[in-house]
Amino acid sequence: EYGVTAALNQTVDSIFRKSLTDLVRGIRNNKKNESTYINKCLQEIKEELKLANNDVKISAVQKLSYLHMLGYDMTWAAFNVLEVMSCSKFTAKRIGYLAAAQSFHEGIDITMLTTNLIRKDITGPNLFDSSLALNCLANMCTPDLARELAVDIVAMLNSSRPYIRKRAVLMLYKVFLKFPDALRPAFPRLKEKLEDADPTVVTAAANVICELARKNPKNYLPLAPLLFKILTTSNNNWMLIKIIKLFGTLAPLDKRLTRKLVDPLTNIINSTSAMSLLYECIQTCTVGLSSVTSVIRLCTTKLRSFVEDPDQNLKYLGLIALHNIMLNHPKAVMEHRDLIIRCLDDEDITIRLRALNLLTGMVNKRNLIELIQKLTDKLETAEGIFRDELIEKIISISSQNSYQYVSDFEWYISVLIDLTRIPVNKHGKQISWQLMDVAVRVKITRAFLARQMILLLKDTRLYSDNRSNVNEVLYSAAFIVGEYSQYLDDIYEAIDALLQPRITSLPVNVQIVFVQSVLKLFSFAVSGTVIGEVDEDHLIERVSQEQLLEIMLRLKDGLKSLIQSDHTEVQERACFISELLILVENSNFSDLNNELGYLFTDVLNPVAKDAQRRVPIPEGLDLDAQINEIVESEEEEFENGDTNFLSFGYEETQNTSKFIEEETQKVRISRKQQKQGPYYLPDDSKLNTDELPPVEQITAEMLDLKGNDRLWAKRPTASIPKRREKIHVIKTEEMPDDALTEDIKEIIEKDSLSKIDLTAPLRDDEILPTAKPYGITDPKKDKMTEKKKKSSRNRKSRNENDKDRREKRSNKSRNDNNRPRKSRDDLKRNGESIEKSISSNKNN
Amino acid sequence: MLHYLLVQNRQGKTRLSKWFVSYDEHEKRKVASEIHQLISGRENKFNTKVAQKFSNFVEFRTHKIVYRRYAGLFFCLCVDVDDNELACLEAIHLFVEVLDAYFGNVCELDLVFNFHKVYAIVDEVFLAGEIMETSKFLIMRRLQELDQMP
């Protein structure tokens, strides 16, 4: 009776069991409670998978793949998928392979068990089975699978059916990616496929070689004549596109090839009606034949028609191709400038961005102002990404090549100041940096800048706009006012601007600069009565004693709130200044004033960006040596790789790259935390202290003691003198003494596939790894296996069939719930020992 | 080289996803939702008199997406930066034509209910990130043979 109820239950269940269609319909009907419904279905599927009935299992796996596509994990059913894959019925196999292709990947250990199954299917007689296996392998190839199956795939290259041949060819690329050592032995066979009778196989071979050539083009140069023949004889557009692309990577390596290609390519460009082919030809000409001007001219004419076409796609592609040409031949593109400016108004933002990119290469001295004017006009109506791009481009275009194209700096500075007035501006830092850069590099602008910056400091909008970081501009404004205070008209105005109460709402790094600038101002005011740098153009007015007292009073007032600031940095500097004021007050003016003047007499020059990297390491300094002795008990912790790897001479293994990443991440985080700490002094001055001699050695000759009375500047003219001759821009940058001549840049590790050199002839030991029968450690027996290798493949496949049968039997025995847990531990070891443990389990 | 093929409807539901490069599950879902946001934002919502539409190519992370809308479905192909976009558009069109010929006036529901067959069709056209077969006639013949298998 028990048996009857069980059978009844089963039939009842089978009536209500869902097929795929039912599942899909159910999901569509349950739109509101979709996840609960699907969870219920998942439960049902779990039950179904426990049954022994094959058809039920197959349907369950199919449903699982559908759910997987919707986003539900199915890796827990991996063994079941494997079972379904091994069914001999085609539809079952297809479902199994589909599920495998979707859910298996390198991280899952099951993939190792599929090796023999796939091998059997690939080499088997059934054409559809082998295509299934090849397809599945293409999706989930792991390095182990690639190594094991390489020899079989290469064997399939000679299959009698083009259906299989073309798949095997395409599959080879995946194999090469995962197992680069297969490239050298397999390459001769791949080359043969270029001359295959079936055109799809030839296309497939061209595809693979095109991808490979991207990594290491000179390997494939010998193939050029063969490819050339295909190029001139074929009329299959897809193949032509790939071959032309391939030539694009090869042509730069060989001048004769370039010359030979000119004719066929110009023919194709002029005669084809397929836009894709035309585009590919143009791209190849840009990359490979850029030295042939007639070709480039032809290309630019064609590209102009692309950009004028109403089809947005063609416009976009035209702009991209023009950009590529512009990198080599800027003049060729210049004549299309008006067209590109029109593209800036296009609806599509990607087209606008491309047009903007293109414009950066098309400026020269005459059209810069006009161009920037157009861009700033557009700025008013632009929004979002485009606006940010516009701002960035305005700045980068103007500052190209150390301001090569800017002839009127006054105009440029006003452009920069206008940029600060734009609401919701995220480019505060950039604009700030630009202003400082111009001030430091272009001497004649300093006067103008200093006065403009005072206006900026008084602009209330910059303080209150919280959505943007435009208050960063105040950073450089304050710096400039302080540094070049000799050009200011009215020192009272400056002090008031620098010490207004509003500055407490600014970020700390900006406040600091304000305070420092006040100090500089004061020092100039004080020492102006004694020492200083004399500028020929400016008349200098003496600061009287009363004026000095007035200045000090204002300073004291202004510093009162800053002395009590929450920020340590600000407080420290403010206190320093106020103490200094007290000293000056109490002392006799003349002595102290001399000293104060020394504070800021040196000129600050721009420092090279990589100056720090080029500081030569002194001899005898070993950065990797340990500072302290390792304590024995702490060694355990270190093995986890938790500590700073630098101090332990870490050897390079494959795992260290991951550790190094984590380490640098941690170091980065800790450095960030340090920066925000109270004791971190940001290096905002561009002073390179290596340049200065130590204080004790400063002699009187080194200082410029001209003895002139330094007075305040009276400005006769209101602006920067417009010079007709070239404006001097300081381009030389500070470097440390004995700077290393070359920048130590990180060497980019080429991946192993690109390192392979195909030009050397094949050595004898380079054969594809074949399956070895296991359990053999006896050297005598090894000799036997050598003999076995030399014999025909049939014997091997017979061995493999035996292994297959054994494996499948043990697969099926693993169906009960208790087993998987045990064999999962076994899976941690490599493939061969798994099979050993399977056979040992079976024996037990 | 193709990185993945994604077919999504206007609400962002994935109707077909074929990944030629290995991504893990979490990444796949993230990519799918990002692409949906990117592409649905480019839909021309306003009826303008001039047929102004957006180009079919978008930059996405370090690759490009070539996409086209057929009825309510977006067919997206992710390719490398130096791949020929127009050829990819042709490939998408070829694929859609095959689907149409196989199912006869294909609609979204066909893809939903016959997803395993759709995957078989994908495997006939694309393999390992490359376009494998370009002749519609040959593909259809293969598919008919496959249908007759047990």
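Further up the page is the structure itself.
Right, let's walk through the structure included here. In this numbering scheme, every chain counts its residues from 1 along its sequence in written order. Numbering of ligands from 1 and lettering of chains from A proceed in the order in which they are written. Residues qualify for local features only when their pLDDT is at least 70, as the model is predicted, and side-chain atom pairs are given and counted only at 80 or more; totals for whole chains, interfaces and linings, by contrast, use all residues. Water and hydrogen atoms play no part in the side-chain values, which are based on all heavy atoms of the structure.

### Considerations on the nonpolar core
Argument step 1. As used here, the term nonpolar core means buried Ala, Val, Leu, Ile, Met, Phe, Trp, Tyr and Cys residues forming a set that is joined through side-chain atoms within 4.5 Å. Between buried and exposed lies partly exposed: a residue is buried under 20% and exposed over 50% of the maximum accessible area for its type, with that area taken using a 1.4 Å probe on protein chains only. Formed by 279 residues in total, the largest nonpolar core has its most connected members in Y220(A), F514(A), F95(B) and F126(B).
Argument step 2. Residue contributions to this core peak at 13 residues, all from helix α2 (residues 85-103) of chain B.
Argument step 3. Note on contacts: a residue pair is in contact if any heavy atoms of the two residues lie within 4.5 Å. If we skip the residues at most four places from it in the chain, F514(A) touches L457(A), Y463(A), L474(A), A478(A), A497(A), L498(A), I503(A) and L506(A).
Argument step 4. Among the nonpolar cores identified, the runner-up in size contains 15 residues, and L6(B), W19(B), V31(B) and F74(B) belong to it. Strands are runs of DSSP state E lasting at least two residues, helices are runs of H or I lasting at least four, and both sets are numbered from the N terminus onward.

### Concerning the environment of V169(A)
Residue and element names in this part refer to chain A.
Argument step 1. Looking at the secondary structure, you find V169 in helix α10 (residues 162-178).
Argument step 2. With 34 residues separating them in the primary sequence, V169 and T203 have C-alpha atoms 9.8 Å apart.
Argument step 3. Sequence-distant contacts of V169, that is, excluding residues within four places in its chain, are made with L157, L190, K193, V201, A204, A205 and V208.

### Thoughts on the interface of chain A and chain B
Interface size, as often reported, equals the accessible area lost upon joining of the parts.
Argument step 1. Contact with chain A, which involves 55 residues of that partner, is made by 53 residues of chain B.
Argument step 2. Two parts placed together each lose some accessible area; with a 1.4 Å probe, that loss summed over both constitutes the buried area. Of the roughly 5300 Å² buried between chain A and chain B on both sides combined, carbon and sulfur atoms contribute 57%.
Argument step 3. By the criterion of area lost to chain B, the three top residues of chain A are M69(A), W238(A) and N313(A), representing 13% of everything that side buries.
Argument step 4. Salt bridges are counted wherever a side-chain nitrogen of Lys or Arg sits within 4 Å of a carboxyl oxygen of Asp or Glu. If you look at where chain A meets chain B, you find 9 salt bridges.
Argument step 5. Ranked by the residues each element gives to the side of chain A that touches chain B, the list is headed by α10(A), at 7 residues.
Argument step 6. Under the scheme applied, nonpolar residues are Ala, Val, Leu, Ile, Met, Phe, Trp, Tyr, Cys and Pro; charged residues are Asp, Glu, Lys and Arg; polar residues are all the others, including Gly. For the side of chain A that touches chain B, the residue count by class is 21 nonpolar, 16 polar and 18 charged.

### Remarks on the packing of helix α14 (residues 237-250) of chain A against helix α16 (residues 275-288) of chain A
All names here are of chain A.
Argument step 1. Only the stretch in contact is used when a helix axis is fitted, and all axes are lines through C-alpha atoms; the angle between N-to-C directions ranges over 0 to 180 degrees. Relative orientation of the contacting elements α14 and α16 amounts to 10°, with a least axis distance of 9 Å. On the basis of their axis angle, the class for α14 and α16 is roughly parallel. Across from N237, L240, I241, I244, K245, F247 and G248 in α14, the residues of α16 making contact are S276, L277, E280, C281, T284, V287 and G288.
Argument step 2. Its residues assigned to classes, the contact of α14 with α16 shows 7 nonpolar, 5 polar and 2 charged. For this classification, under 35 degrees means roughly parallel, over 145 means roughly antiparallel, 65 to 115 means roughly perpendicular, and everything else is oblique.

### Describing helix α25 (residues 409-420) of chain A
Residues and elements named next belong to chain A.
Argument step 1. Expected span of a helix, by definition, is 1.5 Å for each gap between consecutive residues, and there is one gap fewer than residues. Between its first and last C-alpha, α25 extends 17 Å over 12 residues, near the 16 Å set by a 1.5 Å rise per residue.
Argument step 2. For α25, the tally of buried residues reaches 9 of 12 residues, placing the bulk of the element in the interior.
Argument step 3. Taken as a whole, α25 has its buried residues at F409, W411, Y412, I413, V415, L416, I417, L419 and T420.

### Description of a nonpolar patch on the surface
All names here are of chain A.
Argument step 1. A cluster of nonpolar side chains, namely I617, L621 and L623, defines an oily patch on the protein surface of about 320 Å² accessible area.
Argument step 2. One can find I617 in the loop between α34 (589-598) and α35 (635-639).
Argument step 3. Owing to a relative accessible area of 53%, I617 belongs among the exposed residues under this scheme. Patches in this entry comprise residues that are over 30% relatively accessible and not in a salt bridge; like charges within 9 Å are linked, as are nonpolar side chains (Val, Leu, Ile, Met, Phe, Trp, Tyr) within 5 Å. We get accessible surface area from the Shrake-Rupley algorithm with a probe of 1.4 Å; when it comes to residues, only the shown protein chains can shield them.

### Description of the packing of helix α26 (residues 428-441) of chain A against helix α29 (residues 472-483) of chain A
Working note: a packed helix pair is described by the angle between its axes plus the distance between those axes.
Residue and element names in this part refer to chain A.
Argument step 1. One can describe the packing of α26 onto α29 by two numbers: an axis separation of 7 Å at closest approach and a directional angle of 20°. Overall, the two elements α26 and α29 adopt an arrangement that is roughly parallel. In this structure, α26 meets α29 at a crossing whose hand is right-handed. Contacts between α26 and α29 involve G428, K429, I431, S432, L435, M436 and A439 from the former and E472, V473, Y475, S476, F479 and I480 from the latter.
Argument step 2. Looking at the contact of α26 with α29, its residues break down into 8 nonpolar, 3 polar and 2 charged. Put simply, a crossing is left-handed when the front helix is turned counterclockwise from the back one by less than a right angle, and right-handed when it is turned clockwise.

### Some words on the packing of aromatic side chains
Argument step 1. In this analysis, rings of Phe, Tyr and Trp, with Trp reduced to its six-membered ring, are considered paired at centre separations within 6.5 Å, and the interplanar angle assigns stacked below 30 degrees, edge-to-face beyond 60, and tilted for intermediate values. This structure, assessed with the given rule, holds 17 aromatic pairs over all chains.
Argument step 2. Pairing Y316(A) with F57(B) gives two aromatic rings, centres 5.8 Å apart and planes at 40°, and the pair type is tilted. Note that Y316(A) is positioned in helix α18 (residues 312-328) and F57(B) in strand β3 (residues 57-60), a pairing that runs across two chains. As far as burial versus exposure is concerned, Y316(A) and F57(B) are alike and both buried.
Argument step 3. Relative to W19(B), the ring of Y4(B) has its centre 4.7 Å away and its plane inclined at 40°; by these criteria the two rings are tilted. One end of the pair, Y4(B), is in strand β1 (residues 2-9); the other, W19(B), is in strand β2 (residues 14-19), and 15 residues separate them in sequence. Judged on exposure class, the residue Y4(B) and its partner W19(B) are both buried.
Argument step 4. Joined through ring pairs, the aromatic side chains of F20(B), Y70(B), F75(B), F95(B) and F126(B) make up one cluster.
Argument step 5. Our definition puts a charge over a ring when NZ of Lys or CZ of Arg is within 6 Å of the ring centre and also within 35 degrees of the ring normal. The ring of W76(A) carries K46(A) above its face, with NZ or CZ at 4.9 Å from the centroid.

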